[in-house]
Amino acid sequence: MAVTEDFFAGVIEGFYGRPWSQEQRRILLPRMASWGLNTYFYCPKDDLKHRAIWRQPYDDQELARLEELIRLCEHHGLRFIYGLSPGLDIEFSRPEESQAILNRLKQLMDVGARHFALLFDDLPGRLSEADETAFDSLAQAQCAVTQTVFEWLREKIPDSRMLFCPTPYCDRMDRWNLGGAGYLDDIGRFLPQGIDCLWTGPEIVSHRIDAESIRALTKRIGRAPVIWDNLHANDYDLRRVYCGPYSGRPADTIRSVAGIMANANNEFELNYVPFRTMARCLNSPDDYEPRAAFVEAIREWHTHYGSVRRELSVDDLQLLADCYYLPATEGEEAVELKELVRQLLQTPPDTWKDGWKRFLDWHRRIECLFETLTELHDRELFYAWSRRVWELREEMDLIRDVLTRLRAGEDPTEGFALEHHLPFTCRGGMVADLQRLIMMTPDGRFRPAAEQPSE
Ligand code: GDL
């Protein structure tokens, strides 16, 4: 099954932080088309005019950049969607506000945009005082403005597609009654048919999305949702990137929705495997196998890793991606490595068998890996990896030094002063200190950490 024209299959540039560069987008768009994706959705949270100052028109230079993207999408047969987030301070009851939205859409339409979205995610979830008297609920206020925009749009471009992102956009937020009780039922009643509704699944970052939950939602909102997929998004945690395969969206889920678009790593270069595997999954969901798709995508991605001196092997790239896999799971080798380190730290050295040798082998590979990455021709690719892999290498050094002391029979009770790890510089900083004060249990609960000396 190939993705059909009316199904949204693509990429959302919708994360917090520095938007991708124009050059990165020029690389992305043809790649998407060649992989069988059909939509690029522009809505970076930190394009100021997308959200913070949404009423101000784009200047000529900004508009020229957007126009180039629209043309590129046209050229490659992709649908370009422009998204606007007016929700931070919009007053729904003032007609000038709807007009401000139309002005912005008109600006984009004049340079060729045909499909649009209004996004009401990540907002206070309350109406202003004036709006409280004009509308019965936040959902009704949002639907009223969206309807005005939709009617205007369809008059100008009858086959235009329009999307809407609700304030509660996952099951958990619905359970919290974000946006007010009955918000999603109001969407079902008041959001005109023909407008698609975005949804991230059971959670903001959903490890798995089942068809059953989609069917229940479809009934409530009166349409099959379009999945805004945050599986590989990493804007919420600067330590992590996700290079694991698209997974946790079974074929019957894919068949139950009106589209799936991925909002992924801020580091554009690290999205090769996420997008490649998602494209594969959406185009043949019945025989999609995540690990096999991952291994294949790694082999393709490996061709981007030409370096000035030493060669990076496919196996080493796979090890690296295994260490930066998916939000709730590590890749196969990372799982083995973590388990080995745990065992070595918790058992006496005379029971380690070949464990020490195996650890040293991983240590050496990660060290070499880092050195090779520094020498890549593609500097952007190296810069995207650099701080993450530096940190991984540092931790591997630290573990090696601690294990070395244990092997020498030293007593760990008082802790080891390590030559190469300057206390408070290594693993230092306000956030790291705060993190140590609250610990997470193995099943993901939080509690105060065991007593710690004050400074
Ligand atoms: C969100 C934001 C998105 C962000 C993502 C991951 C939606 C609809 N909105 O809540 O912009 O990148 O989480 O942090 O997902």
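Because the structure is predicted, anything quoted here is derived from the model rather than measured.

Focus: the overall build of the protein
Right, on to step 1. Counting its secondary structure elements, the protein contains 16 helices and 10 strands.
Right, on to step 2. Computed over the C-alpha atoms, the radius of gyration of the protein is 25 Å, within 12% of the 23 Å expected from 2.2 N^0.38 for a compact globule of 455 residues.
Right, on to step 3. When its C-alpha atoms are laid out on the principal axes, the protein stretches across 80 × 50 × 45 Å.
Right, on to step 4. Looking at the protein as a whole, 53% of its 455 residues qualify as buried.
Right, on to step 5. Here the protein has roughly 21900 Å² of accessible surface; of this, 52% comes from carbon and sulfur atoms.
Right, on to step 6. Counting 55 positive and 75 negative side-chain charges, the protein places the averaged centre of each group 2 Å from the other.

Here we look at the domain arrangement of the protein
How big an interface is tends to be expressed through the accessible area that disappears when the partners come together.
Right, on to step 1. For the protein, the assigned domains are domain 1 (8-287) and domain 2 (314-435).
Right, on to step 2. The distance between the C-alpha centroids of domain 1 and domain 2 comes to 38 Å.
Right, on to step 3. At the junction of the two partners, domain 1 supplies 18 residues and domain 2 supplies 13 residues.
Right, on to step 4. Carbon and sulfur atoms make up 59% of the area that domain 1 and domain 2 hide from each other, which totals about 1400 Å².
Right, on to step 5. Note that R388 is salt-bridged to E267, the shortest N-O span being 3.0 Å.
Right, on to step 6. Put simply, domain 1 and domain 2 have 10 residue pairs in polar contact (both at pLDDT 80 or more) between them.
Right, on to step 7. For the side of domain 1 that touches domain 2, the per-class residue count stands at nine nonpolar, five polar and four charged.

Overview of the pattern of salt bridges
Right, on to step 1. For the structure on display, the rule yields 41 salt bridges.
Right, on to step 2. Here E330 and K338 are joined by a salt bridge, their closest N and O atoms 3.7 Å apart.
Right, on to step 3. Using a relative accessible area of 51% as the deciding quantity, one classes K338 as exposed.
Right, on to step 4. A salt bridge links E333 to R365, with the nearest nitrogen and oxygen atoms 3.0 Å apart. Taken together, the positions of E333 in helix 13 (residues 332-346) and R365 in helix 14 (residues 355-374) put the pair 32 residues apart, joining distant regions of the chain. You'll find E333 and R365 in the same group, each marked buried.

Focus on unusual backbone geometry
Right, on to step 1. The residue N177 is not glycine, and still its phi comes out positive at about 60°.
Right, on to step 2. Looking at where N177 falls in the secondary structure, it is placed in the loop between helix 6 (171-175) and helix 7 (183-190).
Right, on to step 3. Phi at K353 is positive, roughly 50°, even though this residue is not glycine.
Right, on to step 4. Mapped onto the fold, K353 is located in the loop between helix 13 and helix 14.

So, the site of the ligand
Right, on to step 1. Lining the immediate environment of the ligand, one finds 14 residues, of which G14, D121, Y169, N230 and D235 sit closest.
Right, on to step 2. Note that an oxygen atom of the ligand is positioned 2.7 Å from one of the backbone N or O atoms of G14.
Right, on to step 3. D235 is positioned such that a nitrogen or oxygen atom in its side chain is 2.5 Å from an oxygen atom of the ligand.
Right, on to step 4. Coverage of the ligand by the protein chains reaches 95% of its 370 Å² of free accessible surface.

Some remarks on the packing of aromatic side chains
Right, on to step 1. By the definition in use, this model includes 19 aromatic pairs.
Right, on to step 2. Aromatic pair W20 and F268: ring centres 5.3 Å apart, planes at 75°, arrangement edge-to-face. Residue W20 is located in the loop between strand 1 (8-13) and helix 1 (22-34), and its partner F268 is located in the loop between strand 8 (259-263) and helix 10 (272-283); the two are separated by 248 residues in the primary sequence.
Right, on to step 3. Looking at W20, the relative accessible area reads 3%, which means it is buried.
Right, on to step 4. Classification of F268 by relative accessible area gives buried; the value is 5%.
Right, on to step 5. Pairing F294 with Y325 gives two aromatic rings, centres 5.1 Å apart and planes at 75°, and the pair type is edge-to-face. Residue F294 is located in helix 11 (residues 290-302), and its partner Y325 is located in the loop between helix 12 (314-323) and helix 13; the two are separated by 31 residues in the primary sequence. As far as the burial class goes, F294 and Y325 line up, both buried.

Quick look at a nonpolar patch on the surface
Right, on to step 1. On the surface, M430, V431, L434, L437, I438, M440 and F446 cluster together to form a nonpolar patch covering roughly 770 Å² of accessible area.
Right, on to step 2. Breaking the nonpolar patch down by element, the ones donating at least two residues are helix 16 (430-437) and strand 9 (438-440).
Right, on to step 3. Looking at the nonpolar patch, the element that brings in the most residues is helix 16, giving four residues.
Right, on to step 4. Within the secondary structure, M430 sits in helix 16.
Right, on to step 5. Exposure remark for M430: the relative accessible area of 61% places this residue in the exposed category.

Some words on helix 3 (residues 95-110)
Right, on to step 1. Helix length check: helix 3, at 16 residues, gives a terminal C-alpha distance of 22 Å against a target of 22 Å (1.5 Å per residue), a fit within 8%.
Right, on to step 2. When we look at burial in helix 3, the residues that qualify are E97, S98, A100, I101, L102, R104, L105, Q107, L108 and M109.
Right, on to step 3. G112 occupies a position one or two residues after helix 3 and carries a positive phi of about 110°.

Things to note about the nonpolar core
Right, on to step 1. Ranked by internal contacts, the top residues of the largest apolar core, which has 126 residues, are F80, W301, F359 and W385.
Right, on to step 2. No other element matches helix 15 (residues 379-407), which puts 11 residues into this core.
Right, on to step 3. A domain split of this core shows at least three residues from each of domain 1 (8-287) and domain 2 (314-435).
Right, on to step 4. Among all residues touching F80, those that are not within four sequence positions of it are Y40, Y42, L66, L69, I70, C73, A113 and H115.
Right, on to step 5. F8, I81, Y169 and C170 belong to the second-largest nonpolar core, a separate cluster that totals 17 residues.

Focus on the environment of S206
Right, on to step 1. Tracing the sequence through the fold places S206 in the loop between strand 6 (195-199) and helix 8 (211-221).
Right, on to step 2. For S206, a relative accessible area of 1% corresponds to the buried category.
Right, on to step 3. In the structure, S206 is positioned 43 residues away from R249 in sequence and 9.5 Å away in space, judged by C-alpha atoms.
Right, on to step 4. Ignoring anything within four residues of it in the chain, the contact list for S206 reads T200, G201, L231 and R249.
Right, on to step 5. A distance of 2.8 Å separates a polar atom in the side chain of S206 from the backbone oxygen of T200.

Calculation criteria
Residues numbered from 1 in each chain as written. Predicted model: local features only at pLDDT ≥ 70, side-chain atom pairs only at ≥ 80, totals over all residues. Heavy atoms only, no water. Helix = DSSP H or I, 4+ residues; strand = E, 2+ residues; numbered from the N terminus. Rg over C-alpha atoms; globule rule 2.2 N^0.38 Å. Buried < 20%, exposed > 50% of the residue type's maximum accessible area, 1.4 Å probe, protein only. Areas by Shrake-Rupley, 256 points an atom, 1.4 Å probe, with all protein chains shown as cover. Lys, Arg positive; Asp, Glu negative; His and termini not counted. Charge placed at Lys NZ, Arg CZ, Asp CG, Glu CD. Domains from an automatic or database assignment. Contact = heavy atoms within 4.5 Å. Buried area = accessible area lost by both parts, 1.4 Å probe. Salt bridge = Lys/Arg side-chain N within 4 Å of Asp/Glu carboxyl O. Polar contact = N/O pair within 3.5 Å; in protein donor to acceptor, adjacent residues only side chain to side chain. Nonpolar A, V, L, I, M, F, W, Y, C, P; charged D, E, K, R; others polar. Near = heavy atom within 4 Å. Phe/Tyr/Trp six-rings, centres within 6.5 Å; stacked < 30°, edge-to-face > 60°. Patch = residues over 30% accessible without salt bridge, like charges linked within 9 Å, V, L, I, M, F, W, Y side chains within 5 Å. Expected span 1.5 Å × (residues − 1). Core = buried A, V, L, I, M, F, W, Y, C linked by side-chain atoms within 4.5 Å.

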